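Tertiary structure, described
The residues making up each chain are set out below.
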Amino acid sequence: MKMNRAELLNELAQQTRNVIGDVKEFKLMDDEKLNFKENPGSWSALECIAHLVKFGELYIREFEKSITKADDAPGSDQFKSGFFGDLFAKKMQPGETKMKAPKSMQPVESNVNRDVLDKFLVQQEKWLSLIDAARSKDLNKIKVRLSLAQFIKFKLGDMFRVIVNHNLRHVEQGKRVLHKGKVD
């Protein structure tokens with residue numbers, strides 16, 4: 001995938017704002033609905049968000065380190081995705097390949113406290129500021145470590161796509177669960 005840096009960052013920021021809007025709607029729902037599970041092995045909407053908060057806690061620090069230490073030399077206006085980075089970003093999109101989350105990243109509680117929604121929204125604002133900070137950086141040269149395999153690094157642009165797609169994926173999952181738990 002090849003894309004203009006500004007267009008890519010604008011798209012990622014818009015997708016993040018959409019996720020923020022969806023999760024703000026979650027906040028209007030009662031705890032029973034937010035903790036509804038289709039079956040004992042599935043996740044509730046709050047568990048989906050708790051999962052994203054765990055990833056955010058890991059990745060926000062990695063992105064901050066990578067962006068802060070990089071020069072404000074934007075380099076190319078074009079972002080060219082790496083083969084594996086592009087593949088991983090696409091696999092994170094909603095509706096793509098089902099994946100089992102690592103045990104350390106799975107929600108541990110059955111009834112997650114709704115405070116996780118506020119934590120998630122704070123993280124999303126942080127993601128927006130990181131996307132903004134990347135506007136003066138070379139998305140091709142800056143690398144970010146994959147949290148679960150520290151020896152693997154992807155281009156900053158690909159990792160932003162991975163994070164945003166992962167957020168979209170699990171917020172959509174939460175919306176589906178909420179729809180199924182709807183009582184008429």
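For the structure given in this document, a descriptive report is provided here.

**Let's talk about the environment of R135**
Tracing the backbone shows R135 in the loop between α5 (115–133) and β3 (143–146). Sequence separation of R135 and A6 is 129 residues, and the distance between their C-alpha atoms is 6.9 Å. Discounting chain neighbours no more than four positions away, the residues touching R135 are R5, A6, L9, N10 and A13. Here the side chain of R135 touches N10 through a polar contact of 3.0 Å, side chain to side chain.

**Some words on a nonpolar patch on the surface**
A contiguous nonpolar surface patch, about 370 Å² in accessible area, is contributed by F83, F84 and L87. Mapped onto the secondary structure, L87 falls in helix α4 (residues 83–91).

**So, the side chain of H170**
Tracing the backbone shows H170 in helix α6 (residues 156–180). Within polar-contact distance, the side chain of H170 engages the side chain of H51 at 3.4 Å. Apart from residues no more than four positions distant in its own chain, H170 is found in contact with W43, C48, H51 and L52.

**Here we look at the nonpolar core**
Ranked by internal contacts, the top residues of the largest apolar core, which has 50 residues, are I49, F63, L156 and F160. Elements supplying a minimum of two residues to this core: α1 (5–26), α3 (45–69), α5, β3, β4 (149–155) and α6. No other element matches the eleven residues that α3 contributes to this core. Leave out the neighbours within four places in its chain, and L156 touches F63, I67, A134, L139, I142, K143 and V144.

Calculation notes
Residues numbered from 1 in each chain as written. Predicted model: local features only at pLDDT ≥ 70, side-chain atom pairs only at ≥ 80, totals over all residues. Heavy atoms only, no water. Helix = DSSP H or I, 4+ residues; strand = E, 2+ residues; numbered from the N terminus. Contact = heavy atoms within 4.5 Å. Polar contact = N/O pair within 3.5 Å; in protein donor to acceptor, adjacent residues only side chain to side chain. Patch = residues over 30% accessible without salt bridge, like charges linked within 9 Å, V, L, I, M, F, W, Y side chains within 5 Å. Areas by Shrake-Rupley, 256 points an atom, 1.4 Å probe, with all protein chains shown as cover. Salt bridge = Lys/Arg side-chain N within 4 Å of Asp/Glu carboxyl O. Core = buried A, V, L, I, M, F, W, Y, C linked by side-chain atoms within 4.5 Å. Buried < 20%, exposed > 50% of the residue type's maximum accessible area, 1.4 Å probe, protein only.

As far as function goes, none of this settles anything; it's purely spatial.
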